Number of protein chains: 2
Amino acid sequence: MTLILALDFGGTKLAAATVNIGSRKWLRYERRLSPANANASTDLEIMRSLIYSLLQDTKPAAIGVSFGGPVDAFTGTVRLSHHVAGWENIPLKGLLEDEFGVPVGVDNDANVAALGEHRFGAGQGYDSLFYITVSTGVGGGWILNSNPWRGAGGMAGEIGHIVVDPAGPVCLCGKRGCVERFASGPYMAQNARELLETQLPKRQRGEVLRSLVGDNLNLFTGQLVSEAAVAGDDLAKEVLHKAAWALGVGIGNVANLMNPQRFVLGGGVMKAGADFWQVMQLVARETALPEVDFEIVPAVLGDDAPLWGAVAIASMLV
Amino acid sequence: MTLILALDFGGTKLAAATVNIGSRKWLRYERRLSPANANASTDLEIMRSLIYSLLQDTKPAAIGVSFGGPVDAFTGTVRLSHHVAGWENIPLKGLLEDEFGVPVGVDNDANVAALGEHRFGAGQGYDSLFYITVSTGVGGGWILNSNPWRGAGGMAGEIGHIVVDPAGPVCLCGKRGCVERFASGPYMAQNARELLETQLPKRQRGEVLRSLVGDNLNLFTGQLVSEAAVAGDDLAKEVLHKAAWALGVGIGNVANLMNPQRFVLGGGVMKAGADFWQVMQLVARETALPEVDFEIVPAVLGDDAPLWGAVAIASMLV
């Protein structure tokens, strides 16, 4: 039996698990939260203690790490974390290899989750797929010829920053009308808030949404917008449909460009409701050329996709 | 010395050449035009006679074919020609193998030209690139890990039908605002014609362009629009800049999604002038995330890119 340790660092929380190669059941599994004032040093300390706690007196054959931020997967060096200070150019692979004396693989969370779904989830048996995660941001990871495609500089997969409406609102990246600007949870919340605040007094849309937050519009989330839309709120529906439209155009464009077999969608979008999925599917189908076949399916590993992907990464090192 | 025969069928014209593997100089080279009322049978007849004419009493080790239309590269079966009737499901690879008794490889022209530029042109030494051809249509071909990426159904590379402006004019594919709708030669001509016909009587833009065709607006071509723009015609500049903008957004989106090292651009766009290239480069750079590096370079093989790609395809069969 060959023991693997998988680690998932998501910015504000860490998860780790151990598993024997070939098994689909965790031997041990733990989660920790990062403190509010975390930096790279405190995160590394939590990682080390989490690993020791999981391993006890066993030794894994390899360690796989999913990191929530840009990584040079070739050297295993973190470029930065968008959430935590001090992660610039930290040689995470080297640090862990030195400490634990086993091979370590590190990649960013979208690539790792894509690999997880490919080896253990909704992508099993498909040799080309694009995994898209829609939550705080919109990101993606490629599997081509059954292997990760990371791009020349490790930056492939940024479907969130494909422009789908050059006349759209400004995204945090500085451009107008990115997929993420419409479809991420925080932007859905912002779009709903702005629609509510700017609608004509006569129009009374958004009542359901407003009631969900006790009239405190700052409490809006993408999840609440989805719930209000399901409950029939017209304003929430408008925001949700625009998100589904943006994602659908993005997916259709990607289909024309790369022609993968499957799109696997994970993250908050899983809970966006049937209406969201229907609009997204329809728009993606209309955007792709008639000759371009593809399927859009929900991810099946949920929050564990990066951990299972980390298992796959580590397994390749054994 | 290993002889290779390369064939390029472009819809209205055929070219063929022979070369020894390792040489960069054609031994023999011939071109033929398809008759106006061509069908698949007459085209096949021309192909056969062209091959016999080139080979004389020699025998190649393999034949590579670039076909101007969708091809199943795995079986070497043509799906159809958009220009010539009767090509539906013609097993071109099988027909040529039966007749000439050597291995034959067939793929569509964008994929083959991409391979040509990769092995013999502007892509030498780069293991990931996207070749874009801008002429009657806008198409593309991928090289990833130094090999063609054709997609699950052989449809990858359709950058021409990426939507860059959902409020844009309707494209022949039925969608609005595709890259091709702005950047192909015929659409540039149409856009210039429509601008001229609908401008207010007071405005006297397009004088240069109009003079180039002796006031017969039906004679407009993308090439003439480029020439008028270079000569300072404001209306032509507007059309050209919109084409450059559309291509730039498309390229920037592709860079975010796949992060290839290079974009190699061939076709009529080569003659579009420095202004076109500058706008396109700028928009592509602004559309891509700051961390996404890439270069956009002109193709170097010109009209011979598909022939050299066909050499590469045949060489892999030897």
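Residues numbered from 1 in each chain as written. Chains lettered and ligands numbered in written order. Predicted model: local features only at pLDDT ≥ 70, side-chain atom pairs only at ≥ 80, totals over all residues.

### Remarks on the overall build of chain A
Right, so step 1: Counting secondary structure elements, chain A contains ten helices and twelve strands.
Right, so step 2: Taken along its principal axes, the extent of the C-alpha atoms in chain A is 70 × 50 × 35 Å.
Right, so step 3: Within chain A, counting contacts between residues at least 6 apart in sequence, those at least 24 apart form 65% of the total. (Helix = DSSP H or I, 4+ residues; strand = E, 2+ residues; numbered from the N terminus. Contact = placed C-beta atoms within 7 Å.)

### With respect to the packing of helix α8 (residues 234-258) of chain A against helix α9 (residues 274-287) of chain A
Residue and element names in this part refer to chain A.
Right, so step 1: Where α8 contacts α9, the axes come no closer than 7 Å and their chain directions differ by 35°. Here the hand of the crossing between α8 and α9 comes out right-handed. Between α8 and α9, the residues in contact are Leu-240, His-241, Ala-244, Trp-245, Leu-247, Gly-248, Val-249, Ile-251, Gly-252, Asn-253 and Ala-255 and Phe-276, Val-279, Met-280, Leu-282, Val-283, Ala-284, Glu-286 and Thr-287, respectively.
Right, so step 2: Here the contact of α8 with α9 is built from residues that sort into 13 nonpolar, five polar and one charged. (Axes fitted to C-alpha atoms, helices over the stretch in contact; angles between N-to-C directions. Left-handed = near helix turned anticlockwise from the far one by under 90°. Nonpolar A, V, L, I, M, F, W, Y, C, P; charged D, E, K, R; others polar.)

### Topic: the environment of Leu-27 of chain A
Residues and elements named next belong to chain A.
Right, so step 1: Note on placement: Leu-27 falls in the loop between β2 (13-20) and β3 (28-33).
Right, so step 2: For Leu-27, a count of 15 C-beta atoms within 10 Å corresponds to the partly exposed category.
Right, so step 3: Separated by 23 residues in sequence, Leu-27 and Ile-4 place their C-alpha atoms 9.8 Å apart.
Right, so step 4: Residues in contact with Leu-27, not counting those within four places in the same chain, are Thr-18, Val-19 and Asn-20. (Buried ≥ 20, exposed ≤ 12 C-beta atoms within 10 Å, placed from the backbone.)

### Here's the deal with the sheet that holds strand β12 (residues 295-298) of chain A
Residue and element names in this part refer to chain A.
Right, so step 1: Taken in spatial order, the five strands of this open sheet run β10-β9-β8-β11-β12, and their pairing is mixed. The strands lining the two open edges of the sheet, one partner per strand, are β10 (147-149) and β12. Across this sheet, the average inter-strand angle for adjacent strands is 30°, counted without regard to direction.
Right, so step 2: Looking at chain direction, strand β8 (residues 129-134) and strand β11 (residues 262-267) are connected through six bridges and run parallel. In the sheet register, Leu-129 faces β11, and the bridge partner there is Arg-262. (Pairing = 2+ DSSP bridges.)

### Focus: the relation of the copies chain B and chain A
Two chain copies here: they are related by a rotation about an axis and a translation along the same axis.
Right, so step 1: With an RMSD of 0.0 Å, the operation that places chain B on chain A is a rotation of 180° combined with a shift of 0.0 Å along the axis. Such values leave the two copies arranged in the relation of a two-fold axis. (Least-squares fit on C-alpha atoms with pLDDT ≥ 70 in both.)

### Looking at the sheet that holds strand β1 (residues 3-9) of chain A
Residue and element names in this part refer to chain A.
Right, so step 1: Here five strands make up an open sheet; going across it, the order is β3-β2-β1-β4-β7 and the pairing mixed. The sheet is open, and its two edges are formed by β3 and β7 (104-108), each paired on a single side. Across the sheet, the mean angle from the axis of one strand to that of its neighbour is 15°, orientation sign disregarded.
Right, so step 2: Relative to β7, strand β4 (residues 62-67) runs parallel, the two being bridged by five bridges. Pairing of Phe-67 across the sheet is with Asn-108, part of β7.
Right, so step 3: In the packing of helix α3 (residues 109-120) onto the sheet, contacts are made with β4 and β7, and the angle to β7 comes to roughly 110°.

### Focus: the interface of chain B and chain A
Right, so step 1: The partner chain A presents 35 residues to the 35 residues of chain B that form the contact.
Right, so step 2: Of all the elements, helix α8 (residues 234-258) of chain B adds the most residues to the side of chain B that touches chain A, at six residues.
Right, so step 3: Looking at the side of chain B that touches chain A, its residues break down into 20 nonpolar, ten polar and five charged.

### Structural notes on the domain arrangement of chain A
Right, so step 1: Segmentation of chain A into domains returns domain 1 (3-121 + 302-315) and domain 2 (159-298).
Right, so step 2: For domain 1 of chain A versus domain 2 of chain A, the distance between C-alpha centres works out to 30 Å. (Domains from an automatic or database assignment.)

### Observations concerning unusual backbone geometry
Right, so step 1: Unusually for a residue other than glycine, Gln-56 of chain A sits at a positive phi of about 50°.
Right, so step 2: Mapping Gln-56 of chain A onto the fold places it in the loop between α1 (40-55) and β4.
Right, so step 3: Of note in the backbone geometry, Asn-89 of chain B takes a positive phi value of approximately 60° without being a glycine.

### Notes on the pairing of β1 of chain A
Residue and element names in this part refer to chain A.
Right, so step 1: Among the seven residues that make up β1, six are buried, leaving the element largely enclosed by the rest of the structure.
Right, so step 2: Inspection of the sheet shows β1 paired to β2 by seven bridges, in the antiparallel sense. The residue bridging Leu-7 from the neighbouring strand is Ala-16, located in β2.
Right, so step 3: Between β1 and the antiparallel strand that follows it, β2, lie three residues; Gly-11 among them carries a positive phi value of about 110°.
Right, so step 4: Where β1 lies against β4, six bridges are found, and the strand directions are parallel. Bridge pairing in β4 places Leu-5 opposite Ile-63.

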